[in-house]
Amino acid sequence: MNILSTLNLYKTYGTGETKVEALKQVSISVSKGEFVSVIGPSGSGKSTLLNMVGALDQPTSGMVTIDGREVHKMKEEELSVFRRRNIGFIFQSFNLIPELNVEENIVLPILLDYQKPDQHYIKELLGLLGLTERKHHLPSQLSGGQQQRVAIGRALATKPAIILADEPTGNLDSKNSQDVMNLLKLSVAQYHQTVIMITHNHSYASFADRVFQVNDGMVRELGASRR
Amino acid sequence: MKTYLDLAPKYLSGHKNKTRLTVLSVVMAVALVVGIFSMLDALVTFEKAQVLKSEGNYHILIRNPTQTEIDIIASRIDVENSGMLKDLGEGKINDEMCAMGYMDGNFAGNLNIVLAEGEAPKNDNEIMLEKWYLDQLALHIGDTVNIALSNGIADDYVISGVINDWGATKAASIPFVFVSKGTSEGLSAVTSQYFVLFKVGVNIQNTEREIAAGLNISADRVGYNEGLLALMLQTKNNRVLTFYLIGMVLFGLVLVTGIVMIYNTFNISVMDRVRQFGLLRCIGASKKQIRRIVRRESLIISLKAIPIGVLGGMFITFICSGILKIYNPYLFGDISIFSFSGIGIGAGVLTGLLTVLIASMLPAKKAAKVSPVNAVTGSESVKISGRQKQGVLTRLFPVEIAMGVNNAINKKRTLILMTSSIAISIILLLGFSVLVNPAFMGMKTDEPYTPDLTLTSDQGITSELSEKLSQIEGGEVLGKPTEHQIDLQLSGKNDEQTVNEVAAVIDETITLHDKRQLNAEADNAFMTIAVFIYGFVAVIALISILNMINTMNTSIVSRSKYLAMLRAVGMSDKQLNKMVLAQSITYSLTGCITGCVLGVVLQKELLDFLATDWSFPLYQIVGITVICIMTGTLSVISPLKKIKETVISETITSL
Ligand SMILES: Nc1ncnc2c1ncn2[C@@H]1O[C@H](COP(=O)(O)OP(=O)(O)OP(=O)(O)O)[C@@H](O)[C@H]1O
Ligand SMILES: [Mg+2]
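Bear in mind that the values here come from a model prediction, so they are computed numbers and not experimental data.

Asker: Summarise the UniProt feature "transmembrane region" (unreviewed entry) in chain B; cite the residues concerned and give the values.
Answerer: All names here are of chain B. Here, UniProt's "transmembrane region" (unreviewed entry) annotation points to residues 21-40, 241-266, 299-324, 336-359, 415-436, 525-549, 580-602 and 614-637. A distance of 32 Å separates the end C-alpha atoms of residues 580-602, which is 100% helix and 0% strand. A distance of 39 Å separates the end C-alpha atoms of residues 614-637, which is 83% helix and 0% strand.

And the structure:
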């Protein structure tokens, strides 16, 4: 079953001389529980693709369907709720709220959904991330690797169906990168989630069930690397 | 953390420096609004006290009324109190000239004829006199004086009561003698006036018209207590209405200024957090939730700032009232400095709250509009453009100055914000200065000095006496004494004693005119308005300067990361100073120019409206420009110092 699919997706930035066709005729589909990685040279349109899939930005044309629902047809309010319940984001720069401590950063998406955090699950998550000791620390008191683990924790907090990660290991050393990759892998298995991850590192790309290669705005699938 | 809204207090306490500046800014805007409005309220209170004392507490009067008219008006349900004052012409008291009159006892207090001792004359052989006259002649209640009435009939009368002094009769040295009702009815009055005070809430204009029409009273027989009616907003006087209209424009402008100041403050605090709002949107915050977070922040800031601002505004009013009370304890002694708390402060708090509410609405909307993509791209929405201009500027100035000017001009939003912030204060200042105008301040006596005491004599004053007078301590002879008149001014210390000494050296041929009370009454009209109008202008100027410093501070603090980066890549402290200074002066000048142009236009319009001559306010403009540049310079000192004190790496990683 397809959890996510795009159809003839186009994204054009600017007009005239500064016009950039960041995405061209992108039609892909991802099944539930898959771990997908996206590779491609800098400026090829990877982040743009992720933004479209995560409904962070409007496509110029084409459509994105998640869990059977066409995301860009949703109203603003609906979309916010949909996003907070179904999609978790992880960015290259850790993007934590500097004023909130580790635990608060992680439970924020739950609070935004007007839910009470499941303490048991949060405890389990903190343990999984190796942040139990650090839960009252502010982001500025953490190392880069720890910060990225907090960001992953936040993405997992609402147990979203899809996790979108844009170079989650971009700022980390190989040891920390390995940890992050393992965590992502684990969460897919444990919570039955779908992951789409952009990476520059080909060895991490091979972690994935499938690999999409982006070139000049065009997306094509490399032969299934593991299956 | 219980709800996502807790982000607001966490953000605020996480950025203590910035929060303090924001709070301060709102404090100043609220203090401005509360200060100006409670000053206006106090002004009305003081003016009213003054009008009641100088004109009396009545609304209209009917000249030479018939008994029927009196009976009908007195029995009206909307009339609170009414009474007759008769001028019975000149008479003689112990062979000296005096004025004679009669006043209905129930209305005497309304016309400030206040019984100091004894009682009003009831029997036909009783009279009532002023205190100064009794003191001067060492007379007492129960004493008998000989009085010749205007009809020439002389008789002995008993003093039954004493009333407080009147400035005018005291200065003229002509005592006023009040007779009983019976005596007055036997005399023909020169004029008689029937004073009417209506009940609270009565529409005076309509009622007066109704009475005049019903009783067929011609317009020239009706008089108005213009001052009081004007203060009650029940006047028909065109000049007063014009004045009120201008007042409304100016006070409307104060509200607008408050809103713009607070709006700008909130806007700054929202503008450089585009990325954070984008991030919140990414993790599922809806637009509504973002709006709520920003509104919550505004609420927290307001809760802190409004009480302080209100207290500040009250303090300003307190100072103005204090000055007036010290200046004239006689008139304002019974007004408590805190007595206008009710409506004035209430209105102040309400306007403060409304101002904050209105001012925070747009930034909240703006924050909600932030697209989630901003979290990813990290763009702070401020686009750098106009590279060409920089080229021109770098050719004209050293690079750091060009960068500063460029920073100011290219960040369009900050530029608009700073410019409007400064400009609106200047517009307000130039607008209010219209009121600093003799036409509004009442009539101040033209002479450079006014005598407190004047000695007159028909028989001539000897040089020996004037020599003696000039030696009395605490008094000073003014100008050249003539044979018939000597003017004296008192130093203000031990005046009573000095007056007694003066009284002791003169003989019966010389009349002592004590003009102090009259002067005080005349000066007051000027003083009351002047204190408040200069108060308004001073408050606006002060708050404008503080606000400008504060806004500059905020703008530098919010760019500390950028400044740290420049230092990291090798900008020297001196260059940094020049750059920040160039930027701040650019803001000052754009604000100053915009403000002066619009302010002068407003000034001209207001004066045209008043049909008063307008001339280009050169001195004001020069003064404002100098103050703007000075403030621009002063305002960068402390934030720059702070930036230099922090370690570069700390600033860069802290965001
Ligand atoms: N907001 C924007 N406005 C204009 N052009 C944009 C914008 N965002 C991206 N682009 C352009 O679209 C193209 C794709 O950008 P994108 O960020 O998707 O690349 P990427 O594959 O993620 O690169 P990298 O690996 O360096 O992150 C680039 O040429 C970029 O210049
Ligand atoms: Mg990218």
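Once the structure has been displayed, the description carries forward.
Asker: Quick one: what's the story with the interface of chain A and chain B, residue by residue and with numbers?
Answerer: With 25 residues of chain A at the interface, the matching set in chain B holds 28 residues. Summed over both partners, the interface of chain A with chain B buries about 2,500 Å², with 61% contributed by carbon and sulfur atoms. If you sort the residues of chain A by the area they bury against chain B, E99, L111 and L112 of chain A come out on top, with a joint share of 24%. Seen at the junction of chain A and chain B, the total is 1 salt bridge. With its nearest N and O atoms 2.4 Å apart, the salt bridge here joins E104 of chain A to K10 of chain B. Where chain A packs against chain B, one counts 12 residue pairs in polar contact (both at pLDDT 80 or more). Going through the elements one at a time, α2 (76-86) and α3 (102-112) of chain A are the ones with two or more residues in the side of chain A that touches chain B.

Asker: Describe in detail the site of ligand 1, supporting the description with residues and values.
Answerer: Residues and elements named next belong to chain A. As a matter of local geometry, ligand 1 sits amid 13 residues, with S42, G43, K46, S47 and T48 nearest to it. Contact with the protein chains covers 61% of the free accessible surface of ligand 1, which is 620 Å². Elements that contribute at least two residues to the shell around ligand 1 include exactly β2 (20-26) and α1 (46-53). The leading source of residues in the shell around ligand 1 is α1, at 3 residues. For the shell around ligand 1, a count of residues per class yields 4 nonpolar, 7 polar and 2 charged.

Asker: Outline the packing of aromatic side chains, supporting the account with residue identities and numerical values.
Answerer: Per the counting criterion, the structure on display carries 9 aromatic pairs over all chains. On the numbers, 5.8 Å between centres and 5° between planes, the contact of F89 of chain A with F91 of chain A is stacked. Exposure remark for F89 of chain A: the relative accessible area of 4% places this residue in the buried category. Aromatic side chains W132 of chain B and Y133 of chain B sit 5.9 Å apart centroid to centroid with 85° between the ring planes, which places their arrangement in the edge-to-face category. As far as the burial class goes, W132 of chain B and Y133 of chain B line up, both buried. In textbook terms, an aromatic cluster arises when at least three aromatic residues are bridged by ring pairs, as seen for Y58, F107 and F195 of chain B. The ring of Y121 of chain A is capped by K159 of chain A, whose NZ or CZ atom sits 4.4 Å from the centre of that ring.

Asker: Kindly report on the pattern of salt bridges, identifying the contributing residues and their values.
Answerer: Enumeration over the complete set of coordinates arrives at 15 salt bridges over all chains. Between R76 of chain B and D78 of chain B there is a salt bridge, and its shortest N-O distance comes to 3.0 Å. For E119 of chain B, the salt bridge identified is with K122 of chain B, shortest N-O distance 2.8 Å. Overall, the relative accessible area of 42% leaves E119 of chain B in the partly exposed class. Salt bridges sharing partners connect three or more residues here, namely E34, R210 and E221 of chain A.

Asker: Can you explain the side chain of N81 of chain B? Please cite residues and give values.
Answerer: Residue and element names in this part refer to chain B. Tracing the chain through its elements places N81 in strand β2 (residues 79-93). There is a polar contact of 3.1 Å between the side chain of N81 and the backbone oxygen of N106. Beyond its immediate stretch of four places on either side in the chain, N81 contacts N106, F107, N110, F195, V196 and L197.

Asker: Give me the lowdown on the environment of F46 of chain B, citing residues and values where you can.
Answerer: Residues and elements named next belong to chain B. With respect to the helices and strands, the residue F46 is situated in helix α2 (residues 16-54). With a relative accessible area of 0%, F46 lands in the buried category. Sequence separation between F46 and V34 is 12 residues, and the spatial gap between their C-alpha atoms is 18 Å.

Asker: Please give an account of helix α18 (residues 412-432) of chain B that cites residues and values.
Answerer: Between the first and last C-alpha of α18 of chain B there are 30 Å, a value that for 21 residues agrees with the 30 Å anticipated at 1.5 Å per step. Buried residues dominate α18 of chain B, accounting for 17 of its 21 residues.

Asker: Describe the sheet that holds strand β4 (residues 35-39) of chain A, listing the residues and the values that go with them.
Answerer: Residues and elements named next belong to chain A. With mixed pairing, the 6 strands of this open sheet are ordered in space as β7-β8-β9-β4-β10-β11. Each edge of the sheet is formed by a strand with only one pairing partner; in this case those strands are β7 (87-90) and β11 (218-222). Averaged over all pairs of adjacent strands, the angle between their axes in this sheet comes to 20°, without regard to strand direction. For β7 and strand β8 (residues 162-166), the ladder comprises 4 bridges, and the chain directions are parallel. By the bridge assignment for β8, G88 is matched with I163. Sheet strands in contact with helix α5 (residues 144-157) are β7 and β8, and its direction is about 170° off that of β7.

Asker: Explain the nonpolar core to me, using residue names and the numbers behind them.
Answerer: Within the largest apolar cluster, 90 residues are counted, with the highest numbers of intra-cluster contacts made by I106, L108 and I196 of chain A together with L280 of chain B. The leading source of residues in this core is α3 of chain A, at 7 residues. When sequence neighbours within four positions are dropped, the list of residues in contact with I196 of chain A reads L4, V30, V36, V38, L50, V53, I163, L164 and A165 of chain A. In this structure, V33, F532, I540 and M552 of chain B belong to the second largest nonpolar core, which totals 70 residues.

Asker: Describe the sheet that holds strand β12 (residues 475-478) of chain B, with residues and values.
Answerer: Residues and elements named next belong to chain B. Strands sit in the order β12-β13-β11-β14 across an open sheet of 4 strands; the sheet is antiparallel. Where the open sheet ends on each side, the last strands, each with one partner, are β12 and β14 (510-514). Each strand of the sheet is rotated relative to its neighbour by a mean of 25°, with strand direction disregarded. Where strand β11 (residues 453-457) meets strand β13 (residues 485-490), 4 bridges bridge the pair, whose relative direction is antiparallel. Bridge pairing in β13 links T454 to D487. The sheet contacts of helix α19 (residues 463-471) involve β11, β12, β13 and β14, and relative to β13 the element is tilted by about 5°. Where helix α20 (residues 495-505) meets the sheet, it contacts β11, β12, β13 and β14, and its direction lies at approximately 160° from that of β13.

Rules used throughout
Residues numbered from 1 in each chain as written. Chains lettered and ligands numbered in written order. Predicted model: local features only at pLDDT ≥ 70, side-chain atom pairs only at ≥ 80, totals over all residues. Heavy atoms only, no water. UniProt positions renumbered as here; feature names shortened; annotations may be inferred. Helix = DSSP H or I, 4+ residues; strand = E, 2+ residues; numbered from the N terminus. Contact = heavy atoms within 4.5 Å. Buried area = accessible area lost by both parts, 1.4 Å probe. Salt bridge = Lys/Arg side-chain N within 4 Å of Asp/Glu carboxyl O. Polar contact = N/O pair within 3.5 Å; in protein donor to acceptor, adjacent residues only side chain to side chain. Near = heavy atom within 4 Å. Areas by Shrake-Rupley, 256 points an atom, 1.4 Å probe, with all protein chains shown as cover. Nonpolar A, V, L, I, M, F, W, Y, C, P; charged D, E, K, R; others polar. Phe/Tyr/Trp six-rings, centres within 6.5 Å; stacked < 30°, edge-to-face > 60°. Buried < 20%, exposed > 50% of the residue type's maximum accessible area, 1.4 Å probe, protein only. Lys NZ or Arg CZ within 6 Å of the ring centre and 35° of its normal. Expected span 1.5 Å × (residues − 1). Pairing = 2+ DSSP bridges. Axes fitted to C-alpha atoms, helices over the stretch in contact; angles between N-to-C directions. Core = buried A, V, L, I, M, F, W, Y, C linked by side-chain atoms within 4.5 Å.

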